Amino acid sequence: MKTKRVLVVDDDVAFSIMLTRMVQRGGCDVVAVADTRAALEQVRGRGIGLALIDVALGRENGWETLRLVRQESDVPVIMMTGGDISSETVTDARLLGATGVIGKPVDSGQLYDLLRELFCR
């Protein structure tokens, strides 16, 4: 069974706290960070089972964060976006190595389904 530790990468503190609580209610441990550097530190040997990465990380680019995470780890990554989720966005995410894309604000039912799917296969 995969480790049930989820990495949340988002620079919006209020959203990060809300998402952390949702993930914990889903039965997982959470590590929340606000930037690429901290995200990379966490995926290096920290037992992360899933990473949720915001597409817009303040001055950083979440797509670049995904690319760098892929160089370090094969952990499943779900990109989060407050924008429209077009088929182009999903295709781009998959080409860069993400498992999928979810919208912000995150729907709790969708999140819990995702956690069950990834951790209970």
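The present account deals with the structure reproduced in this document.

Calculation rules
Residues numbered from 1 in each chain as written. Predicted model: local features only at pLDDT ≥ 70, side-chain atom pairs only at ≥ 80, totals over all residues. Heavy atoms only, no water. Helix = DSSP H or I, 4+ residues; strand = E, 2+ residues; numbered from the N terminus. Rg over C-alpha atoms; globule rule 2.2 N^0.38 Å. Buried < 20%, exposed > 50% of the residue type's maximum accessible area, 1.4 Å probe, protein only. Contact = heavy atoms within 4.5 Å. Areas by Shrake-Rupley, 256 points an atom, 1.4 Å probe, with all protein chains shown as cover. Lys, Arg positive; Asp, Glu negative; His and termini not counted. Charge placed at Lys NZ, Arg CZ, Asp CG, Glu CD. Pairing = 2+ DSSP bridges. Arc of directions from axis to C-beta. Polar contact = N/O pair within 3.5 Å; in protein donor to acceptor, adjacent residues only side chain to side chain.

Details of the overall build of the chain
Counting its secondary structure elements, the chain contains five helices and seven strands. Its helices and strands taken in sequence order, the chain reads β-α-β-α-β-β-β-α-β-α-β-α from the N to the C terminus. Radius of gyration (C-alpha) of the chain: 13 Å, near the 14 Å computed for a compact globule of 121 residues. Its C-alpha atoms give the chain principal-axis dimensions of about 30 × 30 × 30 Å. Going through the 121 residues of the chain one by one, you find that 45% of them count as buried. Across the chain, contacts joining residues at least 24 apart in sequence account for 66% of those joining residues at least 6 apart. Roughly 6300 Å² of accessible area belongs to the chain as shown, and the carbon and sulfur atoms make up 47% of that amount. Positive and negative charge centroids in the chain, built from 15 and 17 side chains respectively, lie 7 Å apart.

Overview of the environment of Gly 83
Here Gly 83 shows up in the loop between strand 6 (77-81) and helix 4 (87-95). According to the relative accessible area criterion, Gly 83 is partly exposed, its value standing at 41%.

Describing the pairing of strand 3 (residues 50-54)
Judged by how many residues are buried, strand 3 sits mostly within the fold: five of five residues are covered. Of the two faces of strand 3, the one holding Leu 50, Leu 52 and Asp 54 and the one holding Ala 51 and Ile 53 are both buried throughout. Pairing between strand 1 (residues 5-9) and strand 3: four bridges, direction parallel. In the strand pairing of strand 3, Leu 7 is matched with Ala 51. One ladder, built from four bridges, connects strand 3 with strand 6; its direction is parallel.

Quick word on helix 3 (residues 62-72)
Within helix 3, the full set of buried residues consists of Gly 62, Thr 65, Leu 66 and Val 69. Seen along its axis, helix 3 keeps its buried residues to an arc of 100 degrees; they face one direction. Looking at the packing, one finds that the buried side of helix 3 touches helix 2 (36-43), strand 3, strand 4 (56-57), strand 5 (60-61), strand 6 and helix 4. Where helix 3 begins, the side chain of Asn 61 points an oxygen toward the backbone nitrogen of Trp 63, at a separation of 2.6 Å.

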